[in-house]
Amino acid sequence: MDTVTYAEVDTPVGPFVVAVSEEGLVASGWGRLELPIDTADDPARAAGVVAELRAYFDGDLRHFETPIDWRLTSGSRRTVLKALHGVPYGTAVTYGELAKLSGTSVPPRGIGSIMGSNPIPIFVPCHRVISGTGLGGFSGGVGVETKRWLLTHEGYLQPTLLDL
């Protein structure tokens, strides 16, 4: 049987929802997640993902061990997201660097499109992909402010007076 269970976690960047299948985390994000997979009421299945997410936001976790269920991705998109999954905490890559890192022929603008449709933000850290001239865009949470918060939380960006 193939099902998904949902859990919501309050975070400093807003309520964050995770969807966990029998294989692992299949989707996450801000707002409502609606997947074409039957729903199961199984809080125990999501407990490990929720615990890791809370530890990340508490500053106690730098590397997620949560298994990823990649079923919502395929082809070059999956290859790029898997390459992104290996970008370490506290670092960032440009769209062009991620294109090279992935070994695909996807151009930097295409990488941006893939980041905007990432079904598993934070765990597959699209916030760690920046433009060569600044932060670039971000479609999660409240946009670039959420990206800035996440990169500051991870120590890639220095806090501003607004963060103190």
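Report on the accompanying structure.

Parameters and conventions
- Residues numbered from 1 in each chain as written.
- Predicted model: local features only at pLDDT ≥ 70, side-chain atom pairs only at ≥ 80, totals over all residues.
- Heavy atoms only, no water.
- Phe/Tyr/Trp six-rings, centres within 6.5 Å; stacked < 30°, edge-to-face > 60°.
- Helix = DSSP H or I, 4+ residues; strand = E, 2+ residues; numbered from the N terminus.
- Buried < 20%, exposed > 50% of the residue type's maximum accessible area, 1.4 Å probe, protein only.
- Pairing = 2+ DSSP bridges.
- Core = buried A, V, L, I, M, F, W, Y, C linked by side-chain atoms within 4.5 Å.
- Contact = heavy atoms within 4.5 Å.

### What about the packing of aromatic side chains?
Move 1: Summed over all chains, the structure comprises 7 aromatic pairs.
Move 2: On the numbers, 4.8 Å between centres and 80° between planes, the contact of Phe16 with Trp30 is edge-to-face. Here Phe16 is found in strand S2 (residues 16-21), whereas its partner Trp30 is found in strand S3 (residues 25-30), with 14 residues between them in sequence. Note on accessibility: Phe16 and Trp30 belong to one class, buried.

### Remarks on the sheet that holds S2
Move 1: Pairing is mixed in the open sheet, where 4 strands are placed in the order S3-S2-S1-S4. The strands lining the two open edges of the sheet, one partner per strand, are S3 and strand S4 (38-39).
Move 2: As judged from the 5 bridges shared by S2 and S3, these two strands associate in the antiparallel manner. Pairing of Val20 across the sheet is with Leu25, part of S3.

### As for the nonpolar core
Move 1: Counting 41 residues, the largest nonpolar core has Val18, Leu84, Leu98, Met115, Ile122 and Phe123 as the members making the most contacts within it.
Move 2: Broken down by element, this core gets its largest block of residues, 7 residues, from helix H1 (residues 43-57).
Move 3: Setting aside its immediate chain neighbours within four residues, Leu98 contacts Val80, Ala83, Leu84, Val93, Ile111, Met115 and Val129.
Move 4: The next biggest cluster of nonpolar side chains, apart from the first, holds 8 residues, and it includes Val4, Val17, Val26 and Ile37.

### Thoughts on the pairing of S2
Move 1: Burial of S2 is extensive: 6 of the 6 residues sit out of reach of the surface.
Move 2: Alternating residues of S2 divide into Phe16, Val18 and Val20 and Val17, Ala19 and Ser21, and every residue in both groups is buried.
Move 3: Connecting strand S1 (residues 3-9) to the next strand, S2, in antiparallel fashion are 6 residues, including Gly14 with a positive phi near 105°.
Move 4: Counting the residues in the hairpin turn of S2 and S3 gives 3 residues, including Gly24, whose phi is positive at 150°.

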